[in-house]
Each structure stands twice: as structure tokens, then as C-alpha cells.
Amino acid sequence: MPPLRLGELLQKKGLAKESHIRIALAEQAITGNLIGAILVKLSFVSSKDITQTVAEQAGLSFFDISSYNIPEEVLRLVPRDLCSRLGFVPLKVEDGIITIGIGTSENMRAVDAATRITSKPPKITMVDSSAMEAALEKSYYFLENPIQEGIDKIVESVKTGELTGTKISQLTDYLVKDAIRRKCTDIHVTPTSDTVHVFYRIDGVLLQGHCLPKIVHSGIISRVKILSKLDIAEMRIPQDGSFSFNFLNMRYDMRVSTMPTIYGENLVIRILGSGGAILRLASLGFDKDDTERLRRLFLKPYGMILICGATGSCKTTTLYAALREIDLIEKNVLTVEDPVEYRLSMVKQTSVSEKAGYSFEAAGRTFMRQDPDVILLGEIRDEETATIALRASITGHLVLSTLHTNDAVSTIPRLVNFNVDRFLLSSALLCVIGQRLVRRICSGCKKEYTLKPGELESMGFTGLNDMKTTFKGEGCSDCGGTGYSGRTTIGEIFIVTQEIKELIYSGASATAMLDVAIRNGMKTMRDNGIQKAVSGITTFEEVLRVAG
Ligand SMILES: [Zn+2]
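Thresholds, definitions, all that
- Residues numbered from 1 in each chain as written.
- Predicted model: local features only at pLDDT ≥ 70, side-chain atom pairs only at ≥ 80, totals over all residues.
- Heavy atoms only, no water.
- Buried < 20%, exposed > 50% of the residue type's maximum accessible area, 1.4 Å probe, protein only.
- Helix = DSSP H or I, 4+ residues; strand = E, 2+ residues; numbered from the N terminus.
- Contact = heavy atoms within 4.5 Å.
- Donors = N, O, S within 2.8 Å, 3.2 Å for Na, K, Ca; no water.
- Axes fitted to C-alpha atoms, helices over the stretch in contact; angles between N-to-C directions.
- Parallel < 35°, antiparallel > 145°, perpendicular 65-115°, else oblique.
- Left-handed = near helix turned anticlockwise from the far one by under 90°.
- Nonpolar A, V, L, I, M, F, W, Y, C, P; charged D, E, K, R; others polar.
- Lys, Arg positive; Asp, Glu negative; His and termini not counted.
- Salt bridge = Lys/Arg side-chain N within 4 Å of Asp/Glu carboxyl O.
- Pairing = 2+ DSSP bridges.
- Phe/Tyr/Trp six-rings, centres within 6.5 Å; stacked < 30°, edge-to-face > 60°.
- pLDDT = per-residue confidence, 0-100.

Which residues make up helix H21 (residues 525-534), and what values go with them?
For H21, the complete set of buried residues consists of Met525, Asn528, Gly529, Ile530, Lys532 and Ala533. At its buried positions, H21 is contacted by strand E16 (429-441), strand E18 (469-473), strand E19 (484-495) and helix H22 (540-547). Of the residues trailing H21, Gly536 is marked for its positive phi of about 80°.

Next comes the structure, spelled out in C-alpha cells:
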């Protein structure tokens with residue numbers, strides 16, 4: 001496809017602007033790289049967007065492999081090196097027909113190879129070529145190195161008295177790799193009186209992963225302590241540390257915390273996300289009206305926009321989706337984060353380094369001399385950061401930041417507690433976005449479920465008496481039997497109108513502000529969750545768990 005053609009297509013779909021294409025062409029003249037690759041490098045367009053566009057043009061479907069686990073029987077059918085050499089990925093086999101994913105719209109050699117393997121022409125779909133190699137690498141690795149088998153062997157060696165230090169290191173490795181395979185965010189190693197349980201937090205919920213003999217407990221703890229440069233001998237007080245784990249060409253940052261319990265030290269390892277692709281505002285999970293509202297708010301020239309929610313509620317994901325709405329060529333965007341999670345070129349991203357004296361406050365001061373339009377301050381955590389954010393937003397800049405509060409409106413009393421001036425706050429604040437994550441029903445096993453009379457009411461959901469059926473996931477191999485796969489946001493947008501400004505200024509309670517906001521049409525996180533349960537994206541149980 002000639003370069004301009006792709007550019008035009010992306011423009012027509014509203015995925016790229018003319019100014020983006022112009023800059024990409026200017027880079028192409030220097031580097032000679034493909035226009036698509038340049039657009040991705042500059043983060044104007046994601047590799048997934050480009051593939052989808054090309055697929056549409058070629059009349060092919062698009063398949064998202066980033067969150068797909070290729071079934072073992074499919075992997076066994078096709079040799080790994082053949083996939084890499086011909087540039088395709090086997091996805092599934094149904095009635096003897098294989099579906100393959102290809103990265104470029106014409107790949108006859110892959111089609112030929114797949115036909116030879118199954119003696120039937122394959123179904124073809126397009127996959128993001130930048131995610132293809134990683135998917136192959138991971139799938140075949142776990143096919144050739146089955147984790148459970150490895151763990152079983154080590155447990156067996158305990159019984160035969162052949163446990164060694166090397167085996168303990170191996171076991172620790174297995175536990176971490178299993179966590180990565182399952183896309184989990186936290187690993188818990190929890191001792192009981194005679195066993196050790198390993199739990200994995202997946203999509204926000206803890207799931208039991210492995211049960212091990214107690215004898216391996218101290219070994220695992222010591223191994224992780226050594227990796228994190230902690231004191232092995234000290235077992236009476238909690239310790240914090242970190243280490244990085246390299247696996248399949250990816251680096252994972254791990255934050256470690258130990259805590260003494262009556263049965264020995266409890267260990268929690270948080271796997272820090274490596275960011276991944278930056279989403280579009282429209283795909284975050286806010287409904288259509290709210291997405292449009294957000295889009296308009298992020299185009300304001302100055303003021304403060306805050307995103308609140310618990311740790312791990314993807315506040316940064318929303319901030320970056322919003323940054324993509326801003327014209328990064330016309331506006332100077334500076335960020336200070338701890339650490340930088342997503343990379344977006346054209347944005348000047350900096351990372352806090354307390355050791356070197358580069359704090360949020362120091363960055364805030366420096367930024368003022370860097371001619372900014374938009375400032376992203378990773379987190380408002382105290383009086384200093386609150387003051388910096390506020391000062392920047394009343395001097396003609398758009399300030400974006402996050403805060404740990406349970407819902408949008410609680411942010412106001414929290415900021416007032418940080419001693420910020422009520423008048424300045426009421427004039428600077430544009431809106432507060434509250435968000436939490438609910439698990440999505442697994443598409444592999446989603447089934448209609450007939451409600452018992454009064455079932456929703458007994459869960460506290462009123463006004464839904466007309467609903468006779470809803471959806472649930474029955475549990476399948478795709479979702480590890482949980483019935484859920486992946487998560488989506490439920491959110492609320494608290495817009496600071498003139499009426500709310502006056503309430504902030506006069507020191508009104510959060511409840512009073514919430515009442516006014518709801519009267520003016522604000523939908524709460526819970527409302528948004530119910531809407532998602534009604535439309536079968538999530539379940540009412542999930543909404544109850546997350547939003548009460
Ligand atoms: Zn399922």
C-alpha cells in the first residue's frame with residue numbers, strides 16, 4: 001500500500017490528523033522508515049489501529065491477540081519456527097479448519113503452509129504484527145515448559161528428601177512466571193500451620209494458585225529477599241524492597257513487601273505494569289455522553305482536572321487516553337510521574353527521583369520555566385503537590401492529576417484538608433472523574449441467566465423489576481473457570497458548575513454537592529455499573545462487589 005494511501009485512510013477514520021501525517025512524512029524523508037511505523041513510534045496512532053485499518057481495507061477481520069491464550073492443541077499442530085519464518089500465528093481449530101492470524105494483508109506463504117498442515121484452506125484474520133512475536137514467544141515457551149509439571153516435580157523432591165537450594169530458586173521462578181502467564185498483578189505467598197498457599201490477584205480478585213509443603217516457605221522468602229536486597233536474617237519486622245525480573249525479552253518491575261505473621265513471613269509481590277498500548281478515550285468504558293463530556297473538558301485551555309480512585313484502578317490509563325485527545329503538536333505537555341508507565345512521544349515525560357532531589361514539587365517549579373500548556377502531575381499526595389497543581393491551573397495551564405479518594409465528590413473535602421484555598425479551588429477545578437474497575441463477563445462462556453423473583457432487589461438493586469434475565473459466565477478454559485475475562489471502567493464525572501463552585505466556596509458538605517450534581521444529571525459509578533450489568537458487559541454481583 002503506498003504511504004499516502006494509509007495516511008489518508010487513517011485520517012478518514014479520524015485516527016490521525018493531517019499534522020500527524022505531515023510530521024511523519026518529514027521523519028520519513030530523514031529515516032526512510034515506513035509511514036505506519038513512524039506514526040506508531042510517534043504514538044500518533046497505535047499499531048493495533050493501523051492493523052485494523054489495513055484489515056478493513058483488505059476485507060479481512062481483525063483479531064486481538066494481546067489478551068488471547070492460544071489453546072495447546074493448536075500450538076502442537078504448528079511448529080514454532082514455521083510461524084516466525086512465515087509471519088503468522090495459529091489461533092484456533094474448529095471442525096478441522098485452522099484460523100491463522102497474519103500481520104500483513106497478503107501472506108500467501110502462510111496460507112499455503114496452513115493448508116498443507118490441515119489439508120484444508122485456513123480461515124484468515126489479521127493480527128497486530130507488533131504483538132505477534134511476543135504472543136508466539138510466550139505461548140510456545142509455556143507449551144515447552146509447563147509450569148505445573150515443574151512445580152509438581154519440585155514438590156515430589158521434597159517427599160524424597162532431594163530438595164536443594166537450586167530447586168527453591170527454580171520454584172520461585174515458576175511462581176513468578178506463572179503469575180506473568182496469568183496476567184496477574186500481585187502474588188501472595190501465605191504460610192499456614194503446615195502448608196504454603198500461593199494466591200494470584202487477577203482482574204482485581206485473589207485466586208488460589210498453588211499449595212506447597214511448608215518446608216519450601218523459608219526458602220522462597222529468602223530467595224525473594226536476596227533478589228530484593230533485603231535482610232534475610234530479619235524475620236520479625238516488615239521489610240519493603242524491589243527487583244526486576246527479565247522474562248521473554250520483557251522486563252518486569254516487582255515491588256516486594258514482607259510481613260511477619262504467626263505462621264511465618266507473609267510475602268506480597270506486586271508486578272508493576274509495563275504500560276502497554278495507550279487506549280482511546282472512547283474505549284475506556286465511559287458511556288457515549290460521558291466520553292463526549294470528557295473530550296470537551298480535556299480541550300479546555302486552563303483549569304484542573306482530577307481523576308480519583310483506589311490503587312490499581314487505572315487512573316493513569318485514563319489520563320493518557322485523555323492526553324491523546326490533546327493536540328500534542330500545538331501544545332507543550334510536560335509530565336512528572338512515579339514512575340512513567342506509558343510512553344507517548346512529543347510529550348516531555350519525567351520521572352520522580354527522590355534520591356537526586358527531583359520531587360513532584362521540584363518538577364512543578366521547573367515546569368513553569370519550560371513554557372508549558374498542559375502539566376500532568378502524577379499524584380496529589382500532600383499540601384505541597386496540591387498547592388503546585390492549583391497554582392499552575394490558575395496561571396493559565398491545564399493541570400491533570402490523580403488523587404486517592406473513593407469517589408469523585410470526596411475529593412473536595414480531601415483537598416480542603418490539604419489547606420488549599422477554597423476560593424482558588426472553586427475557580428480552578430473543572431471536574432473530578434471517579435473510577436473503579438469491574439470484571440467483564442468472559443465472552444467464551446457467557447450465558448443467559450434467568451433471575452429468581454426479587455433476586456436483584458435482595459442485592460439492593462431497585463427499580464429493575466422488569467428484568468427477567470441477565471448474563472453470567474459459566475466458566476471455561478479461557479477464563480480459568482472464573483466466568484470473567486479482563487476488566488472495564490465504571491466511572492462518574494463530577495462537573496464543577498457555577499452552582500457547585502458556590503458550594504465549594506461556602507464550604508458545603510460533600511453530600512450536598514453530590515445531591516446538586518445528581519439533580520443536574522450526574523450519573524454515579526454505581527449507576528454506570530448497573531447500566532453495564534443490564535447490557536451484559538458485567539454482572540450485578542461484580543457491581544455489588546466494586547460499587548456497593
Ligand atoms: Zn470463560
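Having put the structure on the table, let's press on.
Outline the coordination of the zinc ion, listing residues and values.
Protein ligation of the zinc ion involves Cys442 (SG), Cys445 (SG), Cys476 (SG) and Cys479 (SG), the donor distances falling in the range 2.3 to 2.4 Å. Counting the intervening residues between successive donors of the zinc ion yields the motif C-x2-C-x30-C-x2-C. Here the residue Cys445 occupies a position in the loop between E16 and strand E17 (446-450), and Cys479 occupies one in the loop between E18 and E19, the gap between them amounting to 34 residues. Looking at Cys445, the relative accessible area reads 3%, which means it is buried.

Before we move on, can you summarise the packing of helix H8 (residues 129-144) against helix H10 (residues 165-181) with the specific residues and values?
Contact geometry for H8 and H10: axes closest at 12 Å, N-to-C directions at 135°. Here H8 is positioned oblique relative to H10, judged by the angle of their axes. Our pair here, H8 against H10, has a crossing hand that is left-handed. Of the residues in H10, those touching H8 at Lys138, Tyr141 and Phe142 are Lys177, Ile180 and Arg181. Looking at the contact of H8 with H10 residue by residue, the class counts come to three nonpolar, no polar and three charged.

Explain the side chain of Lys532 to me, using residue names and the numbers behind them.
Here Lys532 is to be found in helix H21. Buried charge without a salt bridge: Lys532, with Asp287 as the nearest opposite-charge side chain at an N-O distance of 7.3 Å. Leave out the neighbours within four places in its chain, and Lys532 touches Gly285, Thr488, Thr489, Ile490, Ile537 and Thr538.

Would you mind going over the sheet that holds strand E8 (residues 239-247) in detail, with residue names and values included?
Hydrogen bonding along the main chain pairs the strands of a sheet, whether they run parallel or antiparallel. Read from one edge to the other, the open sheet built from six strands follows the order E7-E6-E5-E10-E9-E8, with strand pairing classed as antiparallel. With one partner strand each, in any of the chains shown, strand E7 (205-213) and E8 form the two edges of the open sheet. Sheet twist, expressed as the mean angle between neighbouring strand axes with direction ignored, is 20°. Looking at chain direction, strand E5 (residues 186-191) and strand E6 (residues 195-202) are connected through six bridges and run antiparallel. If you follow Pro191 over to E6, its bridge partner there is Val196.

Could you give me a rundown of the packing of aromatic side chains, with the residues and numbers involved?
Counted under the stated rule, the structure contains eight aromatic pairs. An aromatic cluster of at least three residues, connected via ring pairs, comprises Tyr141, Phe142, Phe245 and Phe247.

Let's hear about the sheet that holds strand E14 (residues 374-377): which residues, and what values?
The seven strands lie next to each other as E13-E12-E14-E15-E11-E16-E19, forming an open sheet whose pairing is mixed. Lying at the two open borders of the sheet, with one neighbouring strand each, are strand E13 (348-351) and E19. Across the sheet, the mean angle separating the axes of adjacent strands is 15° when strand polarity is ignored. The sheet strands contacting helix H14 (residues 360-367) are strand E12 (333-337), E13 and E14, and the helix crosses E12 at an angle near 170°.

I'd like to hear about unusual backbone geometry, residue by residue, with values.
The omega torsion across Asp338 and Pro339 is -10°, close enough to zero to call that bond cis. Take Pro339: it is sitting in the loop between E12 and E13. Positioned with a positive phi, Lys229 is a non-glycine residue whose angle comes to about 55°. Within the secondary structure, Lys229 is located in the loop between helix H11 (217-227) and E8. Accessibility expressed as a relative area gives 74% for Lys229, which makes it exposed. Residue Cys314 is not a glycine yet carries a positive backbone phi of 65°. With respect to the helices and strands, Cys314 occurs in the loop between strand E11 (303-308) and helix H13 (315-323).

An account of the confidence of the model for the protein chain is needed here, citing residue identities and associated values.
Of the residues in the protein chain, 98% reach a pLDDT of 70 or more, and the chain-wide mean stands at 91. Ranking the elements of the protein chain by mean pLDDT puts helix H1 (residues 3-12) last, at 78, and H11 first, at 97.

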